[in-house]
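The primary structure of each chain is shown beneath.
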Amino acid sequence: MRFRPSRRQVLAASAATATAVAAGGALLAKRGTADGNPVIVAVGRGRLNTLSDLYFEGITLAAETVNAAGGLLGRPVELRFIEEPRFTNEATLARVVSDTLATAARIVDDDRVVAVVGHPSSTTAIAASGVYNRANKLFLATHASSLLLTAAQLPRVFAMLPNDRDATRLLARHAVRHGMRRFVIFSGETSYGQETAGFFAQAIAMEGGEILHQRMLDIEKRSVDSLLLFLLDNPLFALDTLDGILLAAGGAVENAAFILRARQLGITTPIFGTDAITSSTISVQAGAAMKDVFGVSPFDVKGSAPETQAFARAFRARFDTAPSPTAALGHDAVLLVAHAAASAKTLDAGKLADAIRVMRYGNPLHGATGSLVFNASGQATDNSLFVLRHDGTAFQTVAGYSHPSMTPLESVPDTDGPTTPSTLPPPTPTLNR
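Residue positions are counted from 1 within each chain, in the order its sequence is given. Confidence filtering applies because this is a predicted model: local features only for residues at pLDDT of at least 70, side-chain atom pairs given and counted only at 80 or more, and all residues used for totals across whole chains, interfaces and linings. To obtain the side-chain values, all non-hydrogen atoms of the structure were used and water was disregarded.

What follows deals with the sheet that holds strand 1 (residues 39-44). If DSSP finds at least two bridges between two strands, the strands pair. A run of DSSP states H or I qualifies as a helix once it reaches four residues; a run of E qualifies as a strand once it reaches two. Both are numbered from the N-terminal end. Strand order in the open sheet made by the five strands is 2-1-3-4-5, with parallel pairing throughout. Taken across any chain shown, the strands that pair with only one partner, and hence form the sheet edges, are strand 2 (78-83) and strand 5 (157-159). Taking the axes of each pair of neighbouring strands and ignoring which way they run, one obtains an average angle of 20 degrees across the sheet. Here a residue-residue contact requires only that any non-hydrogen atoms of the pair lie within 4.5 Å. Convention adopted: a line fitted to C-alpha atoms gives each axis, helices being fitted over their contacting stretch, and angles between N-to-C directions are expressed from 0 to 180 degrees. Contacts from helix 2 (residues 55-68) reach strand 1, strand 2 and strand 3 (113-118), with the element oriented near 170 degrees to strand 2. This element, helix 4 (residues 122-134), spans strand 3, strand 4 (138-141) and strand 5 of the sheet and lies at about 160 degrees to strand 4.

What follows is the structure, given as structure tokens:
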């Protein structure tokens, strides 16, 4: 079975993970020591190759900033980088979960580890979260957007990205406000692809828009060319009546290949995606073909906030390039650990987690991505989300919205053209808010 986990499979794998962690004392046996400097572990991809999304660079800058200010409670923080393998067509869900559990077990084996940040997919973040929570390690997920990550309400687990439901609601609202109502959806067969496609279709329908067609994006079964040729020549609709394409492929390589080939075939239709499509990895591979690609991010790439501007200046000075949204999230994750430690006066993960949850009521972290607070489930909330549009050279912020209400921010002028009133109702309060 190839790696195409559905929502149900991921949920089942998470349950199996929790059971294994609860029963596996040997898995979590400590062989390290709490003496020495505190360690923050960053799990990601691309540090040692040209596919870097600048995530590790953002984390490095934050650690240097923390240490320059005295470290964690007077002790310099050490970084440990771990590369997570990219998914391949041969990988099975069981193998991915097994490998993730093994990686997480090695991480928690060191008592000096205070926090883990990252895991570059929802599948691996969900699998690892139970291990970290059980071992009393703070886990800040910088890439995971699945609702399942915070559904279990593990006390030491936090999701820094908007979940797929909220991200697609924002995309739909912005698109319809700008007269884009007719979409096709190309989604991967992963849980991310299925959830994102479903949430976007619901939101577009609530706005009065229409999904003209939906198809699975499986490069092994069906070539990108065959999918794009369908857009160019099909009996259902003419290409010039299509307002946008939602792309919910699983990985950066697949996203970049689709975007690049679409533009090569003369398809200039705007392409929409969630936070995943803003990865600098995709921009590097697709180049100028990225023009009119839209994404969502908590990072305002042209932000006027002092913390955002200071981060952008420091990042460019340190690495000679502009920061990516992923770099900003990694940066803020490390700062969040330091902020919580200063508040809790301890490095105990349980107390750090308590300090993070109460930040919503008077002590937020003001970082590169703005004010960072979390709800009772561990989901980032009460913040700003931004619609980014690529101009062929780089992503630019074209609009900002308050999260979770999704009302436009007056402080961020909408530069994406004329708007029309939205009909999307305000969100219904839930336990996850």
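Time to look at unusual backbone geometry. A cis geometry characterises the amide bond from His403 onward to Pro404, with omega recorded as 20 degrees. One can find Pro404 in the segment after strand 15 (395-403). Residues other than glycine seldom take positive phi values, yet His119 does so here, at roughly 65 degrees. Position of His119 relative to the elements: it lies in the loop between strand 3 and helix 4.

Right, let's get into the confidence of the model for the protein. Averaged over the protein, the pLDDT score is 85; the fraction of residues at 70 or greater is 84%. Confidence over residues 1-34 falls short of pLDDT 50; this stretch has 68 contacts with residues more than four positions distant or in other chains. Note: pLDDT gives the predictor's confidence per residue, expressed from 0 to 100. Low confidence marks residues 421-433, where pLDDT is under 50. Its contacts with residues over four positions away, or in another chain, come to 30 contacts.

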